[in-house]
Structure formats: structure tokens, C-alpha cells
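# Reading the structure
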Amino acid sequence: MIKTSIKKLSLIFLVLTASAAIAQEVPTPKSYFGFNIGDDYQLATYTQTEGYFKKVAETSNRVKLTDIGQTEEGRTQYMLIVSSPENLKNLARFKKIAQQLAHAEIEPGQAKALAQEGKAVVWIDGGLHANEVVGTHQLIQTVYELASRKDEETKRILDNVIILFTHANPDGQELVSNWYMREKDPKKRVLANIPRLYEKYAGHDNNRDFYMMNLKETQNISRQLFIEWLPQIMYNHHQAGPAGTVLAGPPYRDPFNYVFDPTILTSLDAVGAAMHNRMNNENKPGYTQRGGSVYSTWYNGGLRTVTYFHNMIGLLTEIVGGPNPSEIPLVPSRLLPNGDSPNPITPRKWYFKNAIDYSVSLNYAVLGYAQRYRDELLYNIYHMGRNSIEKGRKDTWSFSPKKIEAINAAAKNEKGIADNDGEVVLRKQLNVKYFDTVMKAPANRDPRGYIISKDQPDFNTAIKFLNALIKSGIIVQKATSSFTVAGKTYPAGSYVVKTDQAFRPHVLDMFEPQDHPNDFKYEGGAPIPPYDAAGWTLAYLMNVKFDRLLDDFTGPFERNPYGEIIKPENTVATGAGYILNAGQNDTYRAVNDLLKHKQPVYRTVNKGDFYVPASSTAKSILETANIKTNVSATPQNKVKVTPSRIAIWDVYGGSMPSGWIRFLMEQYHFNADVIYPKDIDAGDLKNKYDVIVFVGGAIPSVQASETGGRLTPKTEDTPDEYKGRIGKITAKTSIPQLKKFLTEGGHIVTIGSSTNLAYHLQLPVRNAMVEIINGAEKKLPAEKYYIPGSVLKVRVDTTAQANWGMEKEADVYFDNSPVFKLTDNAAALGKIKPLMWFNSATSLRSGWAWGQIYLQDGITAFEAPVGKGKLLAFGPEITFRAQTHGTFKLLFNQLYQ
Ligand SMILES: [Zn+2]
């Protein structure tokens, strides 16, 4: 017996040592791909990369391959967890520690102990923007080095850090690498002219989806970041650095977003310094930070930036390089060292390998920092979470530009501020009471929480909003019975989001207005554009009704487990017929399902609610439609609804706004064709379609239509399947076809800059954002009027059929969008029907609206009869990134006959 056991044991021992021996032989990239990562003119596809990752996981005991979900095109998205073999055996424990520290619901003593016991968790991704090919290739190379290197530093990193190497966009890598490698002759390979979006719907906007999480890849990534692993550092690789530099990296320029913890900014300094130092010590010049590039910490919604609202140190680098050798150009202003760029690079040849070497060094710098400051990183995320919870538990006043303005306004008559030779000078200290009047005023406190009543026009859209919060790791509570807060009673099933939670910054950011500072190059000068949007308050964009509570409140609230999605509500009343409220977005999906099943559907002519006569088919569809229906007798005034034949404009390479509408069409079950300029130029449009939708960027301005517009590739260089996509809308060929389509009874929906079509058609409208200079109309300069991506309030004509289901005021996403005024008495003559307009001098709800007074009375949407057809013009981005649920109906209403 004993002998056999020993024999068995030694056998097992032999097997173990044998596999350990094999485990040392991690294949080099060259042995697997046939080229070194960073060789000129060579890119790996995702299929190859996936195979390599599997091989590395098989052969290395430092690597665990994890499937984090499917992509939009059905590929598997992987995350490689890399750490010492010992750590990999205890992953569940280390994950639990990371979660407990990030959630910060434990006492400081326990947190200190866990910070000692835990391992730093660092996320490194690659390939999010698939044409920025350094991203995926540095990921492959870094994984290889961590899996195979035996030096002291690598060992210390593996012992102290759990690295989450995540492929951010598998579909994109497959598309881009195959496109590039399709040329047999390496010297002919180019990345230009990729025929379609490298994320099925969003392309580059896949990095603008991180609070909404429409896309599968975003959901997969967010789950790992905010539900599963809660890393203390996340590093998101991009391209390219500003001309004359190699890369832009942390820390970043202002504005600083006021809602997140200051430790985020000081940590960006610390990790940024570690990255910068390492590059200097390795003689790798050309790193620029802060004002050296455009990246700020203001925006939420990017993969890097969303992490700040979760107390994580989000790193972004934008590096120069690609498989085709290039140059670091001569940019004299970049040569003089300064605080932004202490170690400038001189002009030189630049190879793919240089970019890969830099990237691996940057990764090692971050991992080196993480292994040295492991316990501090772990404790700091706890400390930030704790700060958030405490701020949410007591009266807290956050600073914002508006509050500083209010303090200044209160103090403006203070003695001691004197006008001295035309200059305002402060002669003595301001009385602190001016601070107190603003920063101790009870009404100016930050909310303790928000209540989303079940009793609201579109509760399922509110649930979609809550699910976006839940996917981002936010604690949401549900009322198990009715309750009363501040004199108002809410029904059971209402939801509560309190601010005493670790990710309070994200909660505030989704409910509260962003107050972007007035940011100018110099006093009186041109505005500095924000890196992305200035304002995006998601609750506003989705038209979620909520109450904002400044005092603490309690109730019969049950906590939703982290990451657990809320199911939509479904209430079907049984009767002779059903009324489907036009105010609910999901009504439109149900209607489309009913129409596809040949059910009769009507719209009542007063409000646009849908009426469906009872039938067993209708009942079964409505029972799973996730909407609320009411019973109805047959309404008197109703019109029959039939589906329109819908076309969505797109272009070679793919338009992101068009891709987002394609996404919406699928989500809401509309059938729509995608058409290209050549299809329009071919004519006969009315025989094919009832409605054509043009997103921003489709219709050029009258001035630019002959000369400017999109560059598209040569037909002879383009594979057959994409040849039909080449071309652009022209005044000479396309516009006459669109005019014919309208005259014959077609409808055209234009959004954003494509409202230019109104000018091509010479409709009686003009740009309202102008001033009169020497008797002539001039476009307002940015020094006077500038509204980058922000949320604005508009007045809506609710009697107009185009606006059915809308309320009389709406929050719209506006990005220096077109605003119109009418000419020639156009409204009275029935030539133009205004649909939405600004009825206030202060229309800003969230963001930045310099010179918003000019908006007053401007028309922001209208419809105009053209022959037997109709043009609909929406200035604001009514379908923006599939986030603006509050204005989707403005598109949906136009898609029926
Ligand atoms: Zn990028």
C-alpha cells in the first residue's frame, strides 16, 4: 500500500515537473506569427492573436486566459490575468480584497490589513481604436515579456501585481489587420481607407460609450472594471501623440472634473512621473504631458475617463508609430524643453519597433510603480471610496464655477475692491460671509440621494438608465412598498440611488449638471474646445424623472446586488383594445413587432398614442413587449399606421452617427436599409423608399458641396464589395435626386449639419447665429457664441405629429448645432412649421454655453412641405451616440406612414 502511494506520488511529481518544464517554453511572437512584433509592414490579425494568447496561457503558469464575453460580431473577447503562479492560485481571495477596498464599506483598520494582504490590480488594454495598431501589438509583446522574462523586476511585478491584459476590440483588429495585410507586397501596405467602422456600430465612438454601455464590448469591459476586479490603475493605449512628440500621457490638462477625488489628480501626477522618469532613464525622449496635448480629465464616458468617477487611476497614452516607417517631424516649438515636455525629441526616422519598445517600457513603468506602491494603491482606493461615502452621509457643498461666480457676485459691492487705473484690485480680505452665503446655503448642498418614482411617463427608459448605473458598479435600491419622503408619496417598485457610496462621483455626474468652466486662450480670446463633450447629464438626456433630495431619507429600500440588471416592467391590460402610450420609447418596438405580425395598428390623432384592437397575436406580443398598455374602446379619431420603407445614409469608411442609428433601428426593431451616395445619385428613390435619414456630416454646405466634403479612395484600389460605397453627396447630382424624391412624396429626415439640405432647397430659413456688422450678416465668432457638446432645454410644439409623445419641454444634446430663423413670413404662409425652439435666454441645462443669450427665439427644428413630400430638419443631435433616449421619438415618429 505505502509503496504504491509513494510510486503514485512520484509519478504525479514527475508529471508536475514535466509540465512545469514545458511551462517555461512560452513561444516567442516570432515563432508563432512568423515575424517579431514591431517588424515593419507586419500586423497580426485577431484570429492569430487569439491563438497566441491561448498558446501563452497553455505554456505559462503566470497566465490565465479569461473569456469576458462576446463581441458585436460574435468573437470571444479575452482578458489575460497575469501574476505569479502563487497569486494565480489565490485569485478569488485577491479579487475579493480588491472589491472590498474599492467599495469601502469596511472600517479603516480592516482596510489597512487588507491593503497589506492584497495585490495591486492593474488593467492594461490594447486595440480599442483598431486603426491605432500599436495598441494590440504592444499588448501581445507585453504579455509575452511578462509571461517569459526571468529578471528581478519582472519577478517583483508578478509577486505584487495582478495584471489584467484585455483586448479591447477583437472585431476591429481582425478588420484592420486583414485590410492592411491584403497587399502581398509589404511596401504597398497602407492603413488608410478602411472600408467600414472598426466597431460594428460605433467605430471610434466605442470610446464614448462608457456611461451608457450600449455596446457588447463596453459591457464586457465595464463588468471586469466595475463589478469584478475594481483595479486601482487602468491603462488605455491610443494613438497618436502631437506632431513633434512621441507620446502624450499623464498627467493631463485642466479642466479637472470637480466631482472626483483630488487623490485621482495627485495619483496621475505620481504614476505619470514614474512613466516619465523611466522614459528619461531609458533615453526615450518625446513624452509630453498636461498642456502639451488636448487631453483633460473633464469628460466621463471614455474608457480612461470613466474610471476617475470610480476612484481609479485612469491612464491614457497617445503614441506615434505604425507598421510603415515614418518620421518624427521638425516642429520648432516642440524643441524647447518646458514643464509639459521636459525631454523633447529631435526629428528622426521612426519605426514600429520604436513605438512597441516605448509602449512596453511605459507598461513596465506603471507595473513598477504598482509593485512598489502596492499597499498604498490598495489603501488609497479605499480612502477615496470612504471619502465619498462620508460626503454622501453629511451636508456637503461641492465647488463649481457657478458657485465661485455667485461668491464674486455677492461680494461685488464690497468696500476694498476698487477700480484703480482701470484695474480691479483687492485692497483687503473679502469678508468670509460671502463664502458662507453661497457655500453654507442649505439649498446649495449636494444631494443625499435621488428617487426615481415608478410613477413616470416612461418607466422602462428610467430602468435602462438605472441599468447603466448598475453596470458601472453603482448601488441602486428598490422600494419594497410605498413610502413618503419630504411629503411626497412614492409607489412600491420605485428606485433610490443614494450618494453615500464609493462611486459617488459617478452618481453625481449622471444626475447633476456638468458646470464647465469658461475656458479661454486669454481674456476675451477664443474658447478652448473641451476634449469631448462639456455636458452630458445622462438622466437629462434620457428624460428620466427624478427627485433630488438634499436631506437624508430612509424607507423600505432593498439593495440590488452589485451588477445585477433590473428587468423591465410589463403591464398589459386586457380588453377590447390596447392603448400604447407614445411617451414610452419601447412602445415603438412593440408597434414594429405588431406590424411585422400583420396586426392592425392606429395612432390617435390628438396625442399620437397607438391603438391596437385586441387579438391573441397582439396579446402575446404585448405580454413580452416590456411596456405598459391601457385598455381602450376604439378611439374615434385615428389613423392607420403602416411601416415606411426606411433608408439610412452612410458612406465609405462608415459614419459613426449613421452607425448609431443602425444600432437604434435594430434595438427598436425597425427595418432599415443602409444606402450610399451612389444609391442616391442613381435616382428612382421614391420607388424604393418612403423616408431617408441623413445624420450630421452627410449633406455638405452649399459653399462646400462642390469642392470639399469627404475624401474617398480610388475605385480601382477598392475591393468589389465596397466599391458601391465610394462617393459623396454633391449639389450637382445628389441634391436634384433628393428634391425629386421629396416632390414625389418622400420624407427626408436631416439631423445636425445635414439640415444644410434646407439651404440647398432654398427654403425660407437662415442661420440665426449671426450678427450684423456694417449692415451685413456675419456668423457669430466663437469669442461671442460657442456651445460645445452640452444639454440644452427647448420648447416643443406637442401638437405637431412629428413630435408625438414628446413633452412641452425637452432636453436636447446640442453641439454647436444649427439654429434657424425664418424669412419671408414663412410660418404664416405654411412654408415652414417650427417644431422646437429656444424660448429662454438661459437654455443651458448641463455643460457650457458661452453666449447662450443669442439662442433666444432661435428655431432648432422644423418641417417644411416640399412638393408632395416633407423635409424634417433637427438641429440638435437627437440620436447622439444612442444616449439621447429623451429625443429618440423625434426620429421614430418619422418612420411610419
Ligand atoms: Zn484612440
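It should be noted that the structure appears before, not after, this text.
Definitions and cut-offs
Residues numbered from 1 in each chain as written. Predicted model: local features only at pLDDT ≥ 70, side-chain atom pairs only at ≥ 80, totals over all residues. Heavy atoms only, no water. Helix = DSSP H or I, 4+ residues; strand = E, 2+ residues; numbered from the N terminus. Rg over C-alpha atoms; globule rule 2.2 N^0.38 Å. Buried < 20%, exposed > 50% of the residue type's maximum accessible area, 1.4 Å probe, protein only. Donors = N, O, S within 2.8 Å, 3.2 Å for Na, K, Ca; no water. Tetrahedral: all angles 85-135°; square planar, octahedral: opposite > 155°, others 65-115°. Contact = heavy atoms within 4.5 Å. Pairing = 2+ DSSP bridges. Axes fitted to C-alpha atoms, helices over the stretch in contact; angles between N-to-C directions. Parallel < 35°, antiparallel > 145°, perpendicular 65-115°, else oblique. Nonpolar A, V, L, I, M, F, W, Y, C, P; charged D, E, K, R; others polar. Expected span 1.5 Å × (residues − 1). Right-handed = clockwise from strand over helix to strand, strands pointing away. Patch = residues over 30% accessible without salt bridge, like charges linked within 9 Å, V, L, I, M, F, W, Y side chains within 5 Å. Areas by Shrake-Rupley, 256 points an atom, 1.4 Å probe, with all protein chains shown as cover. Salt bridge = Lys/Arg side-chain N within 4 Å of Asp/Glu carboxyl O. Phe/Tyr/Trp six-rings, centres within 6.5 Å; stacked < 30°, edge-to-face > 60°. Core = buried A, V, L, I, M, F, W, Y, C linked by side-chain atoms within 4.5 Å.

## With respect to the overall build of the protein
- Summing up its helical and strand segments, the protein has 26 helices and 39 strands in all.
- In terms of overall dimensions, the protein is globule-like: its C-alpha atoms have a radius of gyration of 29 Å, near the 29 Å expected for 897 residues.
- For the protein, the spread of C-alpha atoms along the principal axes amounts to about 95 × 75 × 75 Å.
- Taking all 897 residues of the protein together, 58% fall into the buried category.

## With respect to the coordination of the zinc ion
- In the first shell of the zinc ion, the protein supplies His-129 (ND1), Glu-132 (OE), Glu-132 (OE) and His-238 (ND1), at 2.0 to 2.3 Å from the metal.
- One can describe the site at the zinc ion as irregular: its four donor atoms subtend angles covering 57 to 148° at the metal.
- For the zinc ion, the single-chain donor residues occur in sequence as H-x2-E-x105-H.

## Details of the environment of Glu-376
- Its location among the elements puts Glu-376 in helix α13 (residues 374–393).
- The class of Glu-376 is partly exposed, set by a relative accessible area of 38%.

## Observations concerning the side chain of Asp-171
- Within the secondary structure layout, Asp-171 lies in helix α9 (residues 170–181).
- If near-sequence neighbours (up to four positions away) are discounted, Asp-171 is found in contact with Thr-71, Glu-72, Glu-73, Arg-75, Tyr-198 and Glu-217.

## Topic: the sheet that holds strand β20 (residues 557–559)
- Across the sheet, which stays open at both edges, the five strands sit in the order β19-β14-β18-β15-β20 with antiparallel pairing between neighbours. Taken across any chain shown, the strands that pair with only one partner, and hence form the sheet edges, are β19 (547–549) and β20. Within the sheet, the average angular offset between the axes of one strand and its neighbour, ignoring direction, is 30°.
- Where strand β15 (residues 477–479) and strand β18 (residues 495–498) come together, two bridges link them in antiparallel fashion. Residue pairing across strands places Lys-478 opposite Tyr-495, the latter belonging to β18.
- With respect to the sheet, helix α17 (residues 504–511) is in contact with β14 (449–452) and β18, its orientation differing from that of β14 by roughly 50°.

## Looking at the packing of helix α3 (residues 46–59) against helix α7 (residues 134–148)
- One can describe the packing of α3 onto α7 by two numbers: an axis separation of 11 Å at closest approach and a directional angle of 10°. What the angle tells us is that α3 and α7 run roughly parallel. On the side of α3, the interface is formed by Thr-49, Tyr-52, Phe-53 and Val-56, while α7 contributes Leu-139, Ile-140, Val-143, Tyr-144 and Ala-147.
- When its residues are assigned to classes, the contact of α3 with α7 shows eight nonpolar, one polar and no charged.

## Regarding α9
- Relative to the 16 Å expected for twelve residues at 1.5 Å per residue, α9 spans 16 Å between its end C-alpha atoms, a close match to the ideal helical length.
- Burial of α9 is extensive: ten of the twelve residues sit out of reach of the surface.
- Turning to α9, its buried residues are Pro-170, Asp-171, Gly-172, Gln-173, Glu-174, Leu-175, Val-176, Ser-177, Trp-179 and Tyr-180.
- Contact partners of the buried residues in α9: α3, β2 (76–82), α7, β4 (161–167) and α10 (216–229).

## So, the pairing of strand β26 (residues 646–649)
- Side-chain alternation along β26 places Ile-646 and Ile-648 on one buried face and Ala-647 and Trp-649 on a second face that is also buried.
- As paired strands, β26 and strand β27 (residues 672–675) are joined by four bridges and run parallel to one another. Residue pairing for β27: Ile-646 is matched across the bridge by Ala-672.
- In the classification by handedness, the crossover that spans β26, the intervening helix α21 (residues 656–667) and the parallel β27 is right-handed.
- Where β26 meets strand β28 (residues 691–694), three bridges bridge the pair, whose relative direction is parallel. By the bridge assignment for β28, Ala-647 is matched with Ile-692.

## Things to note about the pairing of strand β31 (residues 770–773)
- Across four bridges, the pairing between β31 and strand β32 (residues 776–779) is antiparallel. The partner of Val-770 across the bridge, within β32, is Lys-779.
- Between the antiparallel neighbours β31 and β32 lie two residues, among them Asn-774 with a positive phi of about 50°.

## Overview of the sheet that holds strand β22 (residues 602–604)
- Taking strand neighbours across the sheet as the criterion, the five strands line up as β24-β21-β23-β22-β25 in an open arrangement whose pairing is antiparallel. Only two strands of the sheet have a single neighbouring strand rather than two, namely β24 (629–631) and β25 (638–640). With strand direction ignored, the average angle separating the axes of adjacent strands in the sheet is 35°.
- As paired elements, β22 and strand β23 (residues 610–613) share two bridges and run antiparallel to each other. Bridge pairing in β23 places Arg-603 opposite Phe-610.

## Side note on a nonpolar patch on the surface
- Nonpolar side chains collect at one region of the surface, where Phe-399, Ile-404, Val-432 and Phe-435 lie side by side and expose about 360 Å² of accessible area between them.
- Considering the arrangement of structural elements, one finds Ile-404 in helix α14 (residues 401–410).
- Given a relative accessible area of 38%, Ile-404 falls into the partly exposed group.

## Points about the packing of aromatic side chains
- What the rule picks out here adds up to 43 aromatic pairs.
- With a centroid separation of 5.4 Å and an interplanar angle of 55°, the aromatic rings of Tyr-32 and Tyr-52 are classed as tilted. Taken together, the positions of Tyr-32 in helix α2 (residues 29–33) and Tyr-52 in helix α3 put the pair 20 residues apart, joining distant regions of the chain.
- The class of Tyr-32 is partly exposed, set by a relative accessible area of 35%.
- Aromatic side chains Phe-483 and Tyr-490 sit 5.1 Å apart centroid to centroid with 20° between the ring planes, which places their arrangement in the stacked category.
- Aromatic rings pair up to connect Tyr-588, Phe-610, Tyr-668, Phe-670, Phe-888, Phe-892 and Tyr-896 into one cluster.

## Re unusual backbone geometry
- Residues Pro-250 and Pro-251 are joined by a peptide bond in cis, for which omega reads -5°.
- Mapped onto the elements of the fold, Pro-251 is located in strand β6 (residues 247–256).
- Put simply, Asp-254 and Pro-255 share a cis peptide bond, and its omega is 5°.
- With respect to the helices and strands, the residue Pro-255 is situated in strand β6.

## Quick look at the nonpolar core
- Ranked by size, the top nonpolar core spans 96 residues in total, and within it Leu-580, Phe-694, Leu-738, Leu-763 and Phe-862 carry the most contacts.
- In this structure, Phe-862 is in contact with Ala-758, Leu-763, Val-765, Phe-820, Ile-832, Lys-833, Pro-834, Leu-835, Leu-871, Leu-872 and Ala-873, ignoring residues within four places of it in sequence.
- Listed in part, the 79 residues of the second largest apolar core include Phe-33, Tyr-41, Leu-80 and Val-122.

## Some remarks on the pattern of salt bridges
- All chains considered together, the criterion is met by 50 salt bridges.
- The closest approach of N and O atoms between Glu-117 and Arg-93, which form a salt bridge, is 2.7 Å. Here the residue Glu-117 occupies a position in helix α6 (residues 108–117), and Arg-93 occupies one in helix α5 (residues 91–103), the gap between them amounting to 24 residues.
- Among the ionic pairs, Glu-512 bridges to Arg-548, the shortest N-O distance being 2.8 Å. With a gap of 36 residues between them, Glu-512 in the loop between α17 and α18 (538–541) and Arg-548 in strand β19 connect regions that are remote in the sequence.

## Considering α7
- The end-to-end C-alpha distance of α7 is 21 Å, a good match for the 21 Å that 15 residues give at a rise of 1.5 Å each.
- Burial runs high along α7: 15 of the 15 residues are buried.

## A word on the environment of Lys-95
- With respect to the helices and strands, Lys-95 occurs in helix α5.
- Once the C-alpha coordinates of Lys-95 and Ile-68 are considered, the two residues, 27 residues apart in sequence, prove to be 15 Å apart.
- Residue contacts for Lys-95: discarding those within four places in its chain leaves Glu-228 and Trp-229.

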